[in-house]
Amino acid sequence: MGILWFGGPIYTMDNEGDAAEAVYTEGEFIKAVGTYERLYHDFFDQIDNEVNLKGKMMLPGLVDSHMHIIQHGEKLLRLDLSQMISAEEVKEALKNRTANLSDGEWLVGEGWNENQWEDPVIFSKAELDDISPDNPMILSRVCRHALLANSKAMQLSKIAEDTPNPQGGIIVRDKEGKAAGYFLDTAQELIKAAMPEVSQEYLQQVINIAVDDLLAKGLVGGHSEDLNYYGGFNKTYQAFMHAVNGTKKKFKAHLLVHHEVLDDMLEENMGFLDGTTYVELGAVKLFSDGALGGRTAWLSNDYSDDEGNTGVAIHSRENLENIVQKARKYDLPIAVHAIGDQAADEIISVMKKYPLQNGARDRLIHGQLLNERSLKTLTEIPVIVDIQPSFVASDFPWVIGRIGNDRLKLSYAWKTMMENGVICAGGSDAPIEGANPLLGIQAAVLRKSSFDGKVYLPGQKLSVFEAVRLYTVGSAQAISQENFRGLIKEGYTADFTILEDDIFQMDPEMLDQVEVAMTVVDGDIVYEKNPYRL
């Protein structure tokens, strides 16, 4: 027995403009796509429910190809600093939160961004100590590649004046050579190691909070990287398995496996795409550099506003190759964070040197800055580039000061990559950016800064169709599932995102105003704006 969906434009996303009148689903799969009359006639005896869209539009289920589900949930629980526009506003929020802390409780703030402050001067450790002298405090920057810590947090972390920089990280020091309370990339782990370990029950709670929010935003799934940060592979994996079990909650979580917990996965005799329909394992995740905001993305030439600094290489070339060779030993793809052009060059050359032999695809995460050499190599190897269109809205114009005008040609160059045959998938990097996929689609189409309203690199604009494909077909291609996910087509999974308005027939300026009517996973309505349908 099945469901007949009809009554609004149903876009298959196979080709631009392709639409159907109706879809018939049985269980988790689409059985037929066509006219209402034909499907009603062909499946009359099997239809036990009809869903009238009442003019709403249906798309294949949108999937975020790069996010951090647990961090997204924690952002919803913790002190969110991401929308604050001045240092004083942040300080006031910290003071208010400190007043309600118990003895020894950590104050954790998420998402500060000095580039949107009126005066972009980063806090000193002394300022944090004035606010919270007795409670440890850490404040993660919006990029999650930098954090601020007060003296109490540093004391608990046993950070001494002579503590050396770890590989791939920087302990920022003041003029006297003392640790200034600012930690970049892998140096952050020195502070985080002192935080109390969280329970599996806490992780399940956070995952539930995050998934409920993502479903309400029209996402049927997300590719996430969480397994190395919350007490190890097994505890975090089991938290996902209990939270998203396909009965109480349906959401398709695809979990990248950080290289530091790869052995834990292998000990469980698990590999790529193992797991369940709702929680499956993905590529081996590693970082090759940092981020542009903290000037730790690895560039081939100096930062335009910081002479002598080319960023941070998280791994030596030897170590990078060792990690990739180990992944290849088990026929595993890799998914590598690379923002700077030198980082992209380095990891793409390693991908080419040690190619996959099983038809799967590697993933270059971000790919914000490329050069002609890295672009050419991308066209020669089986790799997906996970892009975050919202970064255009949040990074411009300040990023021009970091990289200069000469490097803009192949920066955030989504259209150029796609025109050269490079497959791209769309994500948010939530909680770094908002998880609403319509914001990413809008950013890809408009390329308009949220700071000054100007359009940057208009030649890289995508059509609405191309942008939606990033979150449907692109996300499916990233995990080798394009033969049964990402389209509304017979034999494909019955995952749908149903929107109140037809985004192909409206001014893209209004995309951020569109509301989600329903989210459908495996034929079940798992979110509904108005649950009292007639």
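What counts and how
- Residues numbered from 1 in each chain as written.
- Predicted model: local features only at pLDDT ≥ 70, side-chain atom pairs only at ≥ 80, totals over all residues.
- Heavy atoms only, no water.
- 1 Å grid on protein atoms, 1.4 Å probe; cavity = no way out; pocket = protein on both sides within 12 Å on 5 of 7 lines; lining within 4 Å.
- Points joined across faces, edges and corners; volume = space filled by probe spheres on them.
- Helix = DSSP H or I, 4+ residues; strand = E, 2+ residues; numbered from the N terminus.
- Nonpolar A, V, L, I, M, F, W, Y, C, P; charged D, E, K, R; others polar.
- Buried < 20%, exposed > 50% of the residue type's maximum accessible area, 1.4 Å probe, protein only.
- Contact = heavy atoms within 4.5 Å.
- Polar contact = N/O pair within 3.5 Å; in protein donor to acceptor, adjacent residues only side chain to side chain.
- Phe/Tyr/Trp six-rings, centres within 6.5 Å; stacked < 30°, edge-to-face > 60°.
- Lys NZ or Arg CZ within 6 Å of the ring centre and 35° of its normal.
- Core = buried A, V, L, I, M, F, W, Y, C linked by side-chain atoms within 4.5 Å.
- Axes fitted to C-alpha atoms, helices over the stretch in contact; angles between N-to-C directions.
- Parallel < 35°, antiparallel > 145°, perpendicular 65-115°, else oblique.
- Left-handed = near helix turned anticlockwise from the far one by under 90°.

## Description of empty space enclosed by the protein
Rolled over the atoms, a probe with the dimensions of a water molecule shows which regions are left empty. The tally for this structure, following the rule as stated, stands at 1 cavity of 30 Å³ or more. Counted as a void, the largest cavity has a volume near 100 Å³. Lining the largest cavity are 14 residues; nearest its centre among them are Gly-61, Val-63, Arg-485, Gly-486 and Asp-495. Contributions of two or more residues to the lining of the largest cavity are made by β13 (219-224) and α17 (464-478). Per element, the largest residue contribution to the lining of the largest cavity is 3 residues, and it comes from α17. Residue classes in the lining of the largest cavity are distributed as 6 nonpolar, 6 polar and 2 charged.

## Examining helix α16 (residues 437-446)
The buried count for α16 comes to 9 of 10 residues, which makes it a mostly enclosed element. All of the buried residues in α16 are Pro-437, Leu-438, Gly-440, Ile-441, Gln-442, Ala-443, Ala-444, Val-445 and Leu-446. Contact partners of the buried residues in α16: β6 (62-67), β13, α13 (390-395), α17 and β20 (496-499). By the N-cap criterion, in which a side-chain oxygen at the helix start approaches the backbone nitrogen of a residue two or three places on, α16 is capped by Asn-436, the distance to Leu-438 being 2.9 Å. Phi turns positive, to about 50°, at Arg-447, one or two residues after α16.

## A few points about the layout of surface pockets
Considering only enclosed or pocket space, the second largest pocket measures out at about 830 Å³ in volume. Secondary structure elements with two or more residues in the lining of the second largest pocket: α13 and α16. Of all the elements, α13 adds the most residues to the lining of the second largest pocket, at 5 residues. Per-class residue counts for the lining of the second largest pocket are 13 nonpolar, 15 polar and 9 charged.

## Quick look at the packing of aromatic side chains
Following the criterion strictly, the structure yields 14 aromatic pairs and no others. Seen from their ring centres, Tyr-40 and Phe-44 are 5.5 Å apart, and the 70° between their planes marks the pair as edge-to-face. Exposure remark for Phe-44: the relative accessible area of 49% places this residue in the partly exposed category. Where Phe-233 meets Tyr-237, the ring centres are 5.6 Å apart and the plane angle is 10°; that geometry is what we call stacked. Of this pair, Phe-233 and Tyr-237 both sit in helix α8 (residues 233-243), 4 residues apart, roughly one helical turn. Here a set of aromatic residues connected by ring pairs shows up, and it is made of Phe-6, Tyr-36, Tyr-40 and Phe-44. Here the guanidinium or amino end of Arg-141 rests over the ring plane of Trp-112, the centre of that ring lying 6.0 Å away.

## A look at the nonpolar core
Of all hydrophobic cores here, the largest spans 131 residues; its most connected members are Leu-292, Ile-347, Met-417, Phe-496 and Ile-503. The next biggest cluster of nonpolar side chains, apart from the first, holds 20 residues, and it includes Val-90, Leu-94, Leu-128 and Leu-184.

## What to know about the packing of α16 against α17
Remark: α16 packs on α17, axes separated minimally by 9 Å, with the N-to-C direction vectors making an angle of 140°. One finds that α16 runs oblique with respect to α17. You can see that α16 and α17 cross each other, and the crossing is right-handed. The residues of α17 that touch α16, namely those facing Pro-437, Gly-440, Ile-441, Ala-444 and Val-445, are Val-464, Ala-467, Val-468 and Tyr-471.

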